[in-house]
Structures are given as C-alpha cells and as structure tokens.
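Structure assessment
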Amino acid sequence: MKPSVAQVYAWLDDVPDPEIPVISLTDLGIIRHVEWAGDTLEVTVTPTYSGCPATSIINLDIETALRGHGIEKLTLKRQLSPPWTTDWLTETGRAKLEKYGIAPPRPAGGPAHCPRCQSTDLERLSQFGSTPCKAQWRCKSCLEPFDYFKCI
Amino acid sequence: MSTLYDFALRMGDNTLILGHRVSEWCGHAPVLEEDIALANTALDLIGQTQLWLGLAAEEEGTGKTADDIAFLRDAWDFRNALLCELPNGDFGRTLMRQYLFDQWHLLMLQELQKSSEKRVSDIADKAIKEVSYHVERSRDTVVGLGDGTAESHKRMQDALDYLYPYVGELFTPDAVDDAATKEGIAPDLASLREAYDAAVAATMAEATLALPESRFGHKGGRNGKMHTEHLGHILTQMQWLQRAYPGATW
C-alpha cells in the first residue's frame with residue numbers, strides 16, 4: 001500500500017536541515033510539493049540560496065529518509081520559481097530557531113531582540129554570516145554576538 | 001547557436017569569473033567578517049552560474065552540463081565582461097569592482113524579471129534576492145573606505161580610476177544583445193545606463209570620490225575577441241583539475 005502524502009510530509013518533518021539541525025526541512029519551507037505519479041513518489045524541493053552547499057546534502061537526506069521508510073520509486077524535482085522566501089518558514093520553525101539562539105527573520109530587516117537576553121539594544125556586524133542564510137549581529141547589553149536568519 | 005544560449009553564456013560567465021575572483025580572498029581578508037562576506041558573495045555568484053550555464057547547456061541540447069561549460073572551454077570561448085576578470089588588487093579595489101558590477105547586476109536582473117523567457121525570469125527572481133544583499137554591502141564599503149582615512153580614500157580613488165574604463169562594456173550592445181532585446185529575452189543594455197549613472201554618482205558623492213570624466217570603455221570580453229591577459233591565468237587555476245585529469249569526477 002502506498003503511504004499517504006500526509007505520511008510522507010510527517011516523515012520529512014523528521015529530516016533535519018543539515019546546516020541548522022534544530023529545524024526540519026518542512027520547518028524551512030523548502031518542500032514545495034509531494035505527490036504520487038502512478039507508483040513513483042515525486043518530491044519537489046526549492047533551493048534556499050542558489051549557491052547553498054547544503055542543497056545537494058538535503059536531496060541526499062530526503063532520499064535516504066524516504067528509502068528508509070520503504071519508498072522504492074522516488075523522483076526529486078528542483079523548482080526555482082517562485083523563489084524561496086523566509087516567509088515560508090513555519091511558526092514552529094521560527095520558535096525553534098529563537099530557542100537555539102538564532103534570531104528569526106523579520107520583514108523589518110533585523111532581529112526583534114537578542115535571542116539570549118531579549119535586549120533590543122543591537123548592532124549589525126555584517127550582512128553575511130556562517131551560512132548564506134544568516135547575518136551576524138551583536139547584543140550591546142549582554143555583548144554576545146549572535147546569528148540572525150536574514151529575510152529574503 | 002540560439003540567442004538564448006549566447007545570452008545565458010554571457011550572464012553565466014560574468015558570475016563564474018567574478019565569483020572565482022572573489023573566492024581568491026577566502027582566508028586572506030583583513031578581518032573575519034569580511035572574509036565570510038566575500039566567501040558568501042562568491043558562493044552566491046557560483047550558485048547563479050550553475051543556473052545560467054545550466055540554462056545554456058540545456059539550450060545547447062547536446063547533453064553537456066554546467067560543469068562541462070565552466071571547465072572545458074578555453075579563454076577565447078569565455079563571454080564575461082572584462083571588469084569581472086580584472087585582478088583583485090587590494091581589498092578596496094576588490095570592493096570597488098564588486099560595487100561597479102553589483103549596481104549593474106541589480107538593474108539588469110530587475111529588467112530580466114520581465115523577460116519573455118520564463119527560464120530567464122525565474123533565474124532573475126532568484127538571483128535578485130542575493131544581489132540586493134551584495135550591492136548593499138559593496139556600496140556601504142565603498143562609502144566607508146572612500147570617506148575614510150586619507151590612505152583609504154586614496155586607494156579607493158585609484159581603484160575607481162583603474163576600474164571605471166571597464167564599466168562601459170556592460171552598456172554597449174552588439175548583435176547578440178540586439179537579438180536578445182528583439183526577442184524580449186533581455187533589455188536594451190544602453191537603456192540601463194541612466195539609472196546606473198545616477199546610482200553610481202550618488203554613491204561616489206557620498207564616498208567623496210571623483211568619477212573619471214572620460215567615458216572611454218575597454219571592450220572585447222563579452223564577444224570573446226580580446227580578453228585581458230588575466231583571464232588565462234584564472235583558468236589555469238580554475239580548470240587545473242580537469243586539465244590535469246580529464247573527466248575526473250568527485
């Protein structure tokens with residue numbers, strides 16, 4: 001019997017992002033579509049940043065996870081348009097990021113507060129960070145630097 | 001070959017060669033944050049290269065991949081603007097080159113979002129999000145260093161004087177561009193110049209730098225007729241593995 005699409009989504013929700021393992025691939029909002037085409041399962045994935053080295057690992061992780069659940073015929077598709085946006089991060093994903101110490105993205109273009117001490121006295125160190133999706137900020141109250149998941 | 005192929009090749013060669021140039025800074029930048037920013041910029045550009053050269057390969061239709069196009073051509077086959085292949089120089093010159101390119105890139109991608117060819121507008125929609133960050137940073141750095149110390153100001157003025165004669169090529173259409181414009185794939189390059197000039201003038205004013213008066217422009221990269229001597233040296237590094245071990249795979 002073919003597992004339901006909802007079941008596949010639930011499995012994918014257990015696959016962590018390789019760079020930020022605290023959130024899952026579904027939290028990240030990069031799984032655009034799951035459907036059965038006859039006896040083949042088609043999973044459509046959208047890249048976060050065009051040069052993100054995690055993209056190929058993500059495809060490998062999806063394949064490994066689904067094969068582990070007994071899916072034999074699997075096609076992974078890449079969908080470029082519409083481009084990925086941080087608006088697709090789930091609410092759960094945002095909460096997990098914050099708890100982990102990464103300030104979640106905001107349309108205002110910067111973090112709401114320091115993920116450690118909640119202070120709003122912040123400064124940006126760089127628009128770029130340890131992965132393509134993050135920027136570096138610093139809290140001027142507790143003096144700790146932290147990552148901000150930048151809005152795109 | 002089709003107009004779309006020629007167009008995608010020019011876009012992809014720009015991002016490939018500039019991306020490789022910027023990656024040369026990895027591990028050498030003056031401070032850690034700048035090293036990371038340069039590496040991220042290079043990564044975005046190489047990612048965009050995969051999209052553009054992937055499109056070129058698809059359009060060529062002989063089973064080639066983006067990697068084949070990047071690694072299995074020689075200097076005369078490259079179609080990047082000369083600006084992209086110029087040596088890094090010091091940190092200031094690298095960021096000046098980046099700003100002069102980013103500002104053009106942003107305007108170009110804005111127009112390409114309206115392309116009649118969906119595969120082109122899809123790439124533009126994706127790339128513009130990354131390029132918006134690039135131009136924000138390169139502009140800030142040009143202003144910071146231009147309006148900085150006497151030494152940084154001098155270096156930025158030298159960089160601008162050296163690089164500005166390579167800007168004109170980005171706005172000089174040839175028969176390939178005319179065909180792309182006619183087919184609705186790409187905008188008329190010359191039409192981007194006014195907005196570019198306004199943006200660059202504002203940035204340089206803020207950076208207390210003087211724009212060179214001469215509009216002389218070196219040409220020959222985008223049609224492959226006369227690259228600088230620097231391109232061959234880039235390729236000896238970038239393509240070394242495929243030249244030494246043809247067909248090697250990871």
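Residues numbered from 1 in each chain as written. Chains lettered and ligands numbered in written order. Predicted model: local features only at pLDDT ≥ 70, side-chain atom pairs only at ≥ 80, totals over all residues.

**A few points about the overall build of chain A**
Keep this limit in mind: Helix and strand definitions here come from DSSP, where helices need a minimum of 4 consecutive H or I residues and strands a minimum of 2 consecutive E residues; each element is numbered from the N-terminal end. Residues are called buried when their C-beta atom has 20 or more other C-beta atoms within 10 Å, exposed when it has 12 or fewer, and partly exposed otherwise; all C-beta atoms are positioned from the backbone. Each residue gets a C-beta atom placed from its backbone, and two residues are in contact if those atoms lie within 7 Å.
A tally of helices and strands in chain A yields four helices and seven strands. Helices and strands appear in chain A in the N-to-C order α-α-β-β-α-β-α-β-β-β-β. Counting only C-alpha atoms, chain A reaches 55 × 25 × 20 Å along its principal axes. Here chain A, with 152 residues, has 34% of them falling under the buried criterion. Considering only residue pairs separated by 6 or more positions, chain A has 51% of its internal contacts joining residues 24 or more positions apart.

**Examining the overall build of chain B**
Helix and strand content of chain B: eleven helices and zero strands. Taken from the N to the C terminus, the helices and strands of chain B come in the order α-α-α-α-α-α-α-α-α-α-α. Projecting the C-alpha coordinates of chain B onto the three principal axes gives extents of approximately 55 × 40 × 30 Å. Relative to its full complement of 250 residues, chain B shows a buried share of 46%. The contacts in chain B between residues at least 6 apart in sequence include a share of 74% that link residues at least 24 apart.

**Let's talk about the sheet that holds strand β6 (residues 134-139) of chain A**
All names here are of chain A. Stated precisely, the cut-off is as follows: When DSSP finds two or more bridges between two strands, those strands count as paired.
Taken in spatial order, the four strands make up an open sheet running β4-β7-β6-β5, and their pairing is mixed. Pairing within the sheet leaves two strands with one partner each, and these edge strands are β4 (102-103) and β5 (122-126). Summarising the sheet, β5 and β6 pair through four bridges and their orientation is antiparallel. Looking at the pairing, L122 lines up with C139 of β6.

**Quick look at the pairing of strand β1 (residues 31-37) of chain A**
All names here are of chain A. Bridge analysis of β1 against strand β2 (residues 40-45) gives six bridges, and the strand direction is antiparallel. In the sheet register, I31 faces β2, and the bridge partner there is V45. Hairpin connection of β1 to β2: two residues between the antiparallel strands, including G38 at a positive phi of 65°.

**Topic: the sheet that holds β2(A)**
Residue and element names in this part refer to chain A. Counted only if it meets this: Under this scheme, a helix contributes an axis fitted over its contacting stretch, all axes are lines through C-alpha atoms, and angles between N-to-C directions fall in the 0 to 180 degree range.
Taken in spatial order, the three strands line up as β1-β2-β3 in an open sheet, and their pairing is mixed. Looking at the sheet topology across the chains shown, the edges are occupied by β1 and β3 (74-78). Here the average twist between neighbouring strands, direction ignored, is 20°. Pairing geometry for β2 and β3, over five bridges, is parallel. The residue bridging L41 from the neighbouring strand is L74, located in β3. In this fold helix α1 (residues 5-12) packs onto β1 and β2, with an angle of close to 140° to the strand it touches most, β1.

**Remarks on the interface of chain A and chain B**
Cut-off, in case you're wondering: In this classification, the charged set is Asp, Glu, Lys and Arg, the nonpolar set is Ala, Val, Leu, Ile, Met, Phe, Trp, Tyr, Cys and Pro, and all remaining amino acids, among them Gly, are polar.
With 17 residues of chain A at the contact, the number on the chain B side is 21 residues. A per-class count over the side of chain A that touches chain B returns nine nonpolar, eight polar and no charged.

**What to know about the packing of helix α6 (residues 118-146) of chain B against helix α7 (residues 150-163) of chain B**
Residues and elements named next belong to chain B. Quick reminder of the rule: An angle below 35 degrees is read as roughly parallel, one above 145 as roughly antiparallel, one from 65 to 115 as roughly perpendicular, and any other as oblique.
Relative orientation of the contacting elements α6 and α7 amounts to 125°, with a least axis distance of 7 Å. Judged by the inter-axis angle, α6 sits oblique to α7. Seen from α6, the contacting residues are V142, L145 and G146; seen from α7, they are S152, H153 and M156. By residue class, the composition of the contact of α6 with α7 is three nonpolar, three polar and no charged.

**Quick notes on the environment of A:W36**
All names here are of chain A. Note that W36 resides in strand β1. Classification of W36 as partly exposed rests on a count of 14 C-beta atoms within 10 Å. The residues touching W36, leaving out its near neighbours within four places in the chain, are K2 and L41.

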